[in-house]
Amino acid sequence: MNFDEITIDQLRASGSLKWSTFPDQIGMFVAEMDLGLAEPVRGVIHRFADSPGIGYRSDTDRKALQTATAQWLGSVSSFSPDPDSVYAVPDVVSSARFVIEALTTPDSPVLLPTPAYMGFTHLIPAMGREMIEVPCHSGGRYELDLEGIHAGFAAGAKALLLVNPANPTGRVYTRAELEALSQVVAKFPQAIVFADDIHAPFVLDGDYVPYASVNDAAARHTVMAVAASKGWNIPGLKCAQLIITNPDLVARLGAHLDWAAATTSTLGAAATIAAYREGGPWQEEVLSYLRGNRDLMEAAVARWPGVEMPHMEGTYIGWLDFTGAVEAGIVTRPVDVWLQEHAGVATTPGSSCGAGYDNFVRVILATPRPVLEQAIAGIETALGA
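Each residue is numbered by its place in its chain's sequence as written, counting from 1. Per-residue local features are limited, in this predicted model, to residues with pLDDT of at least 70; the limit for side-chain atom pairs, both in listing and counting, is 80 or more; totals at the level of whole chains, interfaces and linings are taken over all residues. Excluding hydrogens and water, the side-chain figures rest on all heavy atoms present in the structure.

- Going by an unreviewed UniProt entry, the chain carries the name cysteine-S-conjugate beta-lyase and comes from Trueperella pecoris.
- The chain has a UniProt comment under Cofactor (unreviewed entry) that states "pyridoxal 5'-phosphate".
- Database annotation for the chain, UniProt heading Sequence similarities (unreviewed entry): "Belongs to the class-II pyridoxal-phosphate-dependent aminotransferase family. MalY/PatB cystathionine beta-lyase subfamily." UniProt positions are given in the numbering used here, feature names are shortened, and annotations may be inferred rather than shown by experiment.

Observations concerning the pattern of salt bridges
- We count a salt bridge whenever a side-chain nitrogen from Lys or Arg sits within 4 Å of a carboxyl oxygen from Asp or Glu. Overall, the coordinates contain 14 salt bridges when judged by the stated rule.
- For Lys-18, the salt bridge is made with Asp-34, and the minimal N-O distance between the two is 3.0 Å. Of this pair, Lys-18 sits in helix α2 (residues 17–20) while Asp-34 sits in the loop between β1 (26–27) and α3 (39–49), placing them 16 residues apart in sequence. The pair formed by Lys-18 and Asp-34 is uniform in burial state, with each residue classed as buried.
- The shortest N-O distance in the salt bridge between Glu-313 and Arg-171 comes to 2.8 Å. Of the two residues, Glu-313 sits in the loop between α13 (280–303) and β11 (317–321) while Arg-171 sits in the loop between β7 (159–163) and α8 (175–185), which places them 142 residues apart along the sequence. Strands here mean DSSP runs of E at least two residues long; helices mean DSSP runs of H or I at least four residues long; both are numbered from the N terminus. A 1.4 Å probe rolled over the protein chains alone gives each residue an accessible area, and that area as a share of the maximum for its type sets the label: buried under 20%, exposed over 50%, partly exposed in between.

Some remarks on the packing of helix α15 (residues 335–343) against helix α16 (residues 369–383)
- The axes used here are C-alpha line fits, helices contributing only the stretch in contact, and every angle between their N-to-C directions lies in the interval 0 to 180 degrees. Where α15 contacts α16, the axes come no closer than 9 Å and their chain directions differ by 95°. Taken together, the axis directions place α15 and α16 in an arrangement best described as roughly perpendicular. Each of Trp-338, Leu-339, His-342 and Ala-343 in α15 lies in contact with α16, whose residues at this interface are Gly-378, Ile-379, Ala-382 and Leu-383.
- Residue polarity is assigned by list, with Asp, Glu, Lys and Arg as charged and Ala, Val, Leu, Ile, Met, Phe, Trp, Tyr, Cys and Pro as nonpolar; anything else, Gly included, falls into the polar class. Taken together, the residues of the contact of α15 with α16 sort by class into six nonpolar, two polar and no charged. In this scheme, roughly parallel covers angles under 35 degrees and roughly antiparallel covers those over 145, while 65 to 115 is roughly perpendicular and the rest are oblique. Any two residues whose heavy atoms approach within 4.5 Å at even a single point are treated as in contact.

Overview of the sheet that holds strand β13 (residues 348–349)
- Here we have three strands laid out as an open sheet, ordered β11-β14-β13, and antiparallel in their pairing. Only two strands of the sheet have a single neighbouring strand rather than two, namely β11 and β13.
- Two strands form a pair only when DSSP identifies at least two bridges running between them. Strand direction decides the pairing type here: β11 and strand β14 (residues 360–364), joined by five bridges, are antiparallel. By the bridge assignment for β14, Asp-321 is matched with Phe-360.

Overview of the nonpolar core
- Counting residues in hydrophobic clusters, the biggest one holds 80 residues, and the most contacted among them are Met-297, Trp-304, Tyr-316, Leu-320 and Phe-322.
- The contacts of Met-297, once residues within four sequence positions are left out, are Trp-304, Met-309, Leu-320, Val-363, Leu-365, Leu-372 and Ile-376.
- Ala-96, Ile-100, Phe-120 and Ala-260 belong to the second largest nonpolar core, which has 31 residues in total. Residue types Ala, Val, Leu, Ile, Met, Phe, Trp, Tyr and Cys, when buried and joined through side-chain atoms within 4.5 Å, form a set referred to as a nonpolar core.

Here's the deal with the pairing of β14
- The element β14 is largely enclosed, with a buried count of five among its five residues.
- Neither face of β14 is exposed, since Phe-360, Arg-362 and Ile-364 on one face and Val-361 and Val-363 on the opposite face are all buried.
- Sheet topology places β13 next to β14; two bridges connect them, and they run antiparallel. Paired with Thr-348 across the strands is Arg-362, a residue of β14.

Some remarks on unusual backbone geometry
- Backbone torsion omega between Thr-114 and Pro-115 reads 5°, so that peptide bond is classified as cis.
- Within the secondary structure, Pro-115 is located in the loop between β3 (110–114) and α6 (118–126).
- The omega torsion of the bond from Asn-164 to Pro-165 falls at -5°, within 30 degrees of zero and hence cis.
- As for its position among the elements, Pro-165 is in the loop between β7 and α8.

Structural notes on the domain arrangement of the chain
- Domain assignment breaks the chain into domain 1 (3–37 + 280–383) and domain 2 (42–278).
- Between domain 1 and domain 2, the C-alpha centre-to-centre distance is 25 Å.
- Each side of the interface is counted separately: domain 1 has 33 residues, and domain 2 has 36 residues.
- Defined here as a combined quantity, buried area equals the accessible surface (1.4 Å probe) lost by two parts on assembly, summed across both. When the two sides are added together, the surface that domain 1 and domain 2 hide from each other amounts to roughly 2900 Å², 53% of it contributed by carbon and sulfur.
- On the domain 1 side of the contact with domain 2, Leu-37, Glu-313 and Thr-315 bury the most area, a combined 26% of that side's loss.
- Seen at the junction of domain 1 and domain 2, the total is three salt bridges. Residue ranges labeled as domains rest on an automatic or database domain assignment.

Looking at the side chain of Asp-197
- Looking at the secondary structure, you find Asp-197 in the loop between β8 (192–196) and α9 (216–221).
- Lacking a salt bridge, the buried Asp-197 has Arg-175 as its closest oppositely charged neighbour, with an N-O distance of 11 Å.
- With residues near it in sequence (within four places) discarded, Asp-197 still touches Asn-164, Tyr-208, Pro-210, Tyr-211, Met-224, Ala-225 and Val-226. In this count, Lys and Arg are taken as positive residues and Asp and Glu as negative ones, while His and the chain termini are left out.

In structure tokens form, the structure reads like this:
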């Protein structure tokens, strides 16, 4: 597929949140791709459109989703879970909510390494929980603050939300990093980790290592979430999967898992199965294209006065630091508003990703290259670069 041929007019005509919220801007604030659909996924949608109706998921469909998920994970990592440990859920954020509610005490804080996905920075306070932010070390490459995580658990936290590959920093955590984290968590017998691996299809450099797979301790205290929603551009179809290998956690989640399975989309599950089974070649094309977009953006940022961007090891998300430009008086805060007004580009404010990130914005690079080039040109003109 020639991704370059997709135009802004076509994207705006789709009516999605990303392109309708700011209709005169280049939409770079919602984590979805603008690169079309894989043919196997498209085929599923056409098949359902031509069917007599769209009913509830059958037991055969349930088992097919479990098997496809387990086999796909085994193909992209060294982790091959038993298909029976895979549970269908509508989406990752709502699943994080019921997992935290079911597996932790009502008054316990939740740990969140920052900068973090906005869905989680908003979710934890909405649940009435204290959110303990643990800023990552950021000497050019964001790394987990293990001492800060230990201190958070010691202060009474019972859950840690871990995103890998990380949104918005683009880190792909190494096995050594994840093993070190598991040693910290294992010191607190009641602690659990909700591991959001939704960006696993987008490992641009290095190897993808699921946290739940690094050792027995991690497997015992982890609920892992994956989905085809990002990798194959189907977030609106509402289907994700939890992988839970500890029977005790499954028993404690109980009816929550039954409810989640009952509210998972039939169409979404079928599209997910097709993506996992047959969508590999298309996804490889996307990965190659995204590496080109990343390299283009990183080269551009290197030209911009007072702006920095950590290297994207994974995801399709750029994390731009405008601190130097703000301090030099080139850019004013809020930075996202300045970019809209001066560059015509809609981004996510860094303040949504945690405290202390007011000079940052999050940008989505999974867009046709001509659109990305237009956004880069707009920002360069605004910066006077």
